[in-house]
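Residue-level structure breakdown
Residue strings, one per chain:
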Amino acid sequence: MGFKRLALIPVLLFCVLLTACGPREHSRQCFAMDTVMTLTVWGDESIPGELQKLLQNMENDLSVTRPDSLVSRLNAGQELTLSREYGELLRRAQVLEEETGGAFCPWLYPVTKLWGFTTGQYRVPGERELETALASTGQDPMHWEGDTLRLEKGAELDLGAIVKGWAGEQCVSRLKACPEAVAALLSLGGNIQTYGEKPDGSPWRIGVQSPFGEGLAGTLELRGTWAVVTSGGYERYFEENGVRYTHILDPATGRPAQSGLASVTVVCADGLRADALSTALLVMGREKAMALWEAWGDFEAVLIEMDGTVTLTSGLENAFSPAG
Ligand code: ADP
Ligand code: MG
């Protein structure tokens, strides 16, 4: 073997190592939490599968429609000692309810189940049953003793408005603990969670769905780790006698929110907060939403009104490009 050929060996080895160690893109689609999810990770091939397992465990524990979930057992009146993570999730939900003045309400299930939004058996509830259900959602029903939780009689939790945001956050914790994972783009239904910098150096490009049909209202360009969460009545609704009933309810009335907002997209470093807020701002309407943004200063938002008006908070002015 000549010298030239021998010299090629280390070069070839270096190239093989570079491709093996460099962040490769791995993608996996799965169905969890009642939605199609796409998990794309730059790093080890096994990571999307691990995240899928994590998501499926969360669904098993937190789903309100699975009779054996933690949430269903609490709703049935059982007293449960929760893990540190679930304890934290529920305490944070409690705080967010207070901070949003009840617009996000994690114990709204007696009301949401009347409308059938979690089961798909849609119906318009009668005035009387709504009033009865509202009576049990008016105040915080959580009784804690250390890590042990019991709900007030008749009270029921529904974490549907925050479970995907929290799931995104938990996936980020897992990715951070995994040195081979350099970046990720997790699409969890209407929730997007980004992680790290895209290896090709370009920003994350995230489409903001138009609430008025197919297509996009615009695109957000972001760098780094963010939760981007959209809530809108267009995502789930039913129609009866020509009236459209949407799945985000105003806890003050027990009826679909009619705040003038068609959709709200929240960008926040904290996934749980982003998800609770996207729901709460949709209930509050544009003016209250903007007042909350002024007061909190830890999130940005794209607000789209029923007449198509788009309002951006100032932190997104350079990040958002409207479609067409
Ligand atoms: P999606 O899960 O469709 O992306 P959201 O995050 O806004 O949308 O959550 C909506 C779900 O949360 C509803 O299907 C219902 O189960 C529950 N929900 C509806 N209104 C409220 C509310 N005001 N506060 C808390 N949960 C709500
Ligand atoms: Mg939400």
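Located above this text is the structure these notes cover.
Figured I'd write up the structure that's included with this text. (Residues numbered from 1 in each chain as written. Chains lettered and ligands numbered in written order. Predicted model: local features only at pLDDT ≥ 70, side-chain atom pairs only at ≥ 80, totals over all residues. Heavy atoms only, no water.)

Taken together, the protein ligands of the magnesium ion (ligand 2) are Ala161 (O), Asp275 (O), Asp275 (OD) and Thr279 (OG1), with distances of 2.3 to 2.6 Å. Within one chain, the residues serving as donors to the magnesium ion (ligand 2) are arranged as A-x113-D-x3-T. Of this pair, Ala161 sits in the loop between β5 (148-151) and α7 (163-176) while Thr279 sits in helix α8 (residues 271-284), and the two are 118 residues apart along the sequence. Of the residues examined, Thr279 reaches a relative accessible area of 12% and is grouped as buried. (Donors = N, O, S within 2.8 Å, 3.2 Å for Na, K, Ca; no water. Helix = DSSP H or I, 4+ residues; strand = E, 2+ residues; numbered from the N terminus. Buried < 20%, exposed > 50% of the residue type's maximum accessible area, 1.4 Å probe, protein only.)

Time to look at the packing of α8 against helix α9 (residues 286-296). Where α8 contacts α9, the two axes come as close as 8 Å, and the packing angle between them is 140°. In terms of axis orientation, α8 runs oblique to α9. Along its contact with α8, which presents Arg273, Leu277, Leu281 and Met284, the element α9 presents Lys288, Ala289, Leu292 and Trp296. Considering only residue class, the contact of α8 with α9 consists of 6 nonpolar, no polar and 2 charged. (Axes fitted to C-alpha atoms, helices over the stretch in contact; angles between N-to-C directions. Parallel < 35°, antiparallel > 145°, perpendicular 65-115°, else oblique. Contact = heavy atoms within 4.5 Å. Nonpolar A, V, L, I, M, F, W, Y, C, P; charged D, E, K, R; others polar.)

The nonpolar side chains of a soluble globular protein tend to be buried with one another. In this structure, Leu62, Leu90 and Leu281 are the most contacted members of the largest nonpolar core, which totals 81 residues. When residues of this core are assigned to their parent elements, the largest contribution, 9 residues, is made by α8. Not counting chain neighbours up to four residues away, the residues in contact with Leu62 comprise Ser69, Val71, Tyr86, Leu89, Leu159, Val163 and Trp166. Judged by nonpolar contacts, the second largest core, of 16 residues, contains Trp204, Ala217, Leu222 and Val302. (Core = buried A, V, L, I, M, F, W, Y, C linked by side-chain atoms within 4.5 Å.)

Within the structure shown, the criterion is met by 0 disulfides. This cysteine, Cys178, is not joined by any disulfide, and Cys171 carries the nearest cysteine sulfur, 12 Å off. Look at Cys178 and you get buried, because its relative accessible area is 12%. (Disulfide = S-S within 2.5 Å.)

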